[in-house]
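Results of the structural survey
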Amino acid sequence: MNEEINDAEQYLKGRGAQFNPKNRFLKNQRIRDQVESIDDWTEPNPATIYLEDNAKSIVNKVDSPDVGMWYSMNPYQGCEHGCIYCYARNAHEYWGYSAGLDFERKIIVKKNAPELLRKFLMKKDWECLPIGLSGNTDCYQPAEKKFRLTRGLLEVCNEFNQPVAIITKNAGILRDTALLQEMAKKQLVSVLVSITSFEEDLRRVMEPRTTTAKQRLRVIRELSDAGVRTGVMLGPMIPGLNDHEMQRIMEAAGASGARFSAYTFIRLNGAIKLIFHDWLYKNFPDRADKVWHLIENGHGGKVNDSRWGQRMRGEGPIAEMVRQQFRKYNKLYKLDAERLDLDGSHFRRPGEQGRLF
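Residues numbered from 1 in each chain as written. Predicted model: local features only at pLDDT ≥ 70, side-chain atom pairs only at ≥ 80, totals over all residues. Heavy atoms only, no water.

We now examine the sheet that holds strand E7 (residues 164–168). Strand order in this open sheet of seven strands is E2-E3-E6-E7-E8-E9-E10, and the pairing throughout is mixed. Across the chains shown, the open sheet's two edge strands, defined by having one partner strand only, are strand E2 (59–61) and strand E10 (260–265). In this sheet, adjacent strand axes meet at a mean angle of 25° when their direction is disregarded. The pairing of strand E3 (residues 71–73) with strand E6 (residues 131–133) spans two bridges and is classified as parallel. Paired with tyrosine 71 across the bridge in E6 is isoleucine 131. (Pairing = 2+ DSSP bridges. Helix = DSSP H or I, 4+ residues; strand = E, 2+ residues; numbered from the N terminus. Axes fitted to C-alpha atoms, helices over the stretch in contact; angles between N-to-C directions.)

Let's shift gears to the packing of helix H2 (residues 113–121) against helix H4 (residues 149–160). It is at 8 Å that the axes of H2 and H4 come closest, and there the two elements cross at 25°. By the angle between their directions, the pair H2 and H4 is classed as roughly parallel. Between H2 and H4 the crossing geometry is right-handed. Of the residues in H4, those touching H2 at Ala113, Pro114, Leu117, Arg118 and Leu121 are Leu149, Gly152, Leu153, Val156, Cys157, Glu159 and Phe160. (Parallel < 35°, antiparallel > 145°, perpendicular 65-115°, else oblique. Left-handed = near helix turned anticlockwise from the far one by under 90°. Contact = heavy atoms within 4.5 Å.)

Another aspect to go through is the pattern of salt bridges. Taken as a whole and assessed by the stated rule, the structure comprises 17 salt bridges. For arginine 204, the salt bridge is made with aspartate 201, and the minimal N-O distance between the two is 2.4 Å. Residue arginine 204 and its partner aspartate 201 are both found in helix H6 (residues 200–206); the two are separated by three residues, about one turn of the helix. In this structure, glutamate 207 and arginine 216 form a salt bridge, with 2.8 Å as the shortest nitrogen-oxygen distance. Accessibility classification places glutamate 207 together with arginine 216 in one group, the buried group. Linked through salt bridges whose partners overlap, the residues forming this network are Glu144, Arg148, Arg151, Glu155 and Asp176. (Salt bridge = Lys/Arg side-chain N within 4 Å of Asp/Glu carboxyl O. Buried < 20%, exposed > 50% of the residue type's maximum accessible area, 1.4 Å probe, protein only.)

Per-residue confidence for the chain gives a mean pLDDT of 89; residues scoring 70 or more make up 87%. Low confidence marks residues 29–42, where pLDDT is under 50. Its contacts with residues over four positions away, or in another chain, come to 20 contacts. (pLDDT = per-residue confidence, 0-100.)

Here the focus is the environment of arginine 221. Within the element layout of this structure, arginine 221 appears in helix H7 (residues 213–225). Residue classification places arginine 221 among the partly exposed positions, given a relative accessible area of 39%. In this structure, the C-alpha to C-alpha distance between arginine 221 and alanine 258, residues 37 residues apart in sequence, is 7.7 Å.

The full count for this structure, using the stated rule, is zero disulfides. The thiol of cysteine 83 is unpaired, and the distance to the nearest cysteine sulfur, on cysteine 79, comes to 6.2 Å. Cysteine 79 provides the cysteine sulfur closest to cysteine 139, a residue in no disulfide bond, and the two sulfurs are 9.7 Å apart. (Disulfide = S-S within 2.5 Å.)

Printed below as a string of structure tokens:
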């Protein structure tokens, strides 16, 4: 990484995005039109704030065939981890905020999430399909230590015998090991731990408020030792930045007890295109052009492809090389078990008997 970022640029350490791009849904807003005009604009770096909200619903149907789940629930909107590539950034615009710094500094907390889930599971027409936690922002981001909403959701799932698939990159999940172990005995839970790089200089700027790769391997190891079915997510793979680490990550994850895996190829949709471009050229000016063009080559000359079936995997020789490597190492390191091997046959509502099959 280039360590000589100009002091005049006032690079915001501990944040991924360095500015707030325009919200496409807002007509009247004050923005910095030119990212380069830093001398005419000062961007404060205040502490993260939590905005408590009484949500109307918590379980959402997932229409995309690329995600690998039918339903998802997200107790938090926005994420303090600050991952520069996060596709969930665009969703923050629906709340009236920016996909940039606002996404990392203004976290919406759905304080009634467990109650909403209980109400949802009581519906007589619920077929008990696995629910993803989270399909959007990380359910174990720093806010969870204070609000414990993910814990509350898991307690409801355990009570109803509702299967849930978790994805996280935060070691805070280990606080719930005993509960997860109890759920695992009933085949109700699987955990996908996201690891994108072992290079700390890269992780610190790409995912500034996340735990280290070493800690994430510890999560895989401890959960696996506790009997919790655990896998590794390599996402996203970014050509020219972290794609060369795929074998190392998969080998280490397999040795730590991971049994399944998944990956995505970088795509820069919506406002993320501008945010990522700014970040890339500030942090890696020596190879930014190369990385940008490699991403374009993986999406037919663009940096994003919204077509289902293509958007998460990319196309062309670069994306195909990543795909072939994943398949090779997935088999080599025995990470090819079924991802959602969960059992919903014992689902029951309070006062009801379990299902009979």
